[in-house]
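Given next are the chains, with one letter for each unit.
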Amino acid sequence: MKNIFMLILIINSFLFAVDAKQKTKMEKEIHKQMEREKKYAKEQTFYQAKDYDLKSFEVNADAIKAIPDINVDYSDGDDDLEME
């Protein structure tokens, strides 16, 4: 009778330990998922650009017209092939 009681006690302690480990693993996974969702929410706020004031970066169209055109010569003189 003592042996059966000890066996049941040991089995229950193992089951309790496994259950506690499973809860700890589940809590870690829940915490990881919560961190992922916080990161996702932060990224979505950035991509939607609702909180950003970009008025100071707008370019005046009249200022663009006042910029002179520049003719750039991209050749460096070595482009010509010399044939002998």
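Remember, it's a predicted structure, so these values are computed and weren't measured experimentally. (Residues numbered from 1 in each chain as written. Predicted model: local features only at pLDDT ≥ 70, side-chain atom pairs only at ≥ 80, totals over all residues. Heavy atoms only, no water.)

## Thoughts on a nonpolar patch on the surface
Okay, step 1: There is a patch of nonpolar side chains on the surface, built from Phe46, Tyr47, Tyr52, Leu54 and Phe57 and spanning about 660 Å² of accessible area.
Okay, step 2: Position of Leu54 relative to the elements: it lies in the loop between helix 1 (2–48) and helix 2 (61–65).
Okay, step 3: Classification of Leu54 by relative accessible area gives exposed; the value is 54%. (Patch = residues over 30% accessible without salt bridge, like charges linked within 9 Å, V, L, I, M, F, W, Y side chains within 5 Å. Areas by Shrake-Rupley, 256 points an atom, 1.4 Å probe, with all protein chains shown as cover. Salt bridge = Lys/Arg side-chain N within 4 Å of Asp/Glu carboxyl O. Helix = DSSP H or I, 4+ residues; strand = E, 2+ residues; numbered from the N terminus. Buried < 20%, exposed > 50% of the residue type's maximum accessible area, 1.4 Å probe, protein only.)

## Side note on the pattern of salt bridges
Okay, step 1: Here the structure, examined in full by the defined rule, presents 2 salt bridges.
Okay, step 2: As a salt-bridge pair, Lys32 and Glu29 come within 4.0 Å of each other at their nearest N and O atoms. Taken as a pair, Lys32 and Glu29 lie in helix 1 at a separation of 3 residues, close to a single helical turn.
Okay, step 3: Owing to a relative accessible area of 39%, Glu29 belongs among the partly exposed residues under this scheme.
Okay, step 4: Put simply, Lys38 and Glu35 hold a salt bridge, and the shortest N to O gap is 3.8 Å. Of this pair, Lys38 and Glu35 both sit in helix 1, separated by 3 residues, roughly a single helical turn.

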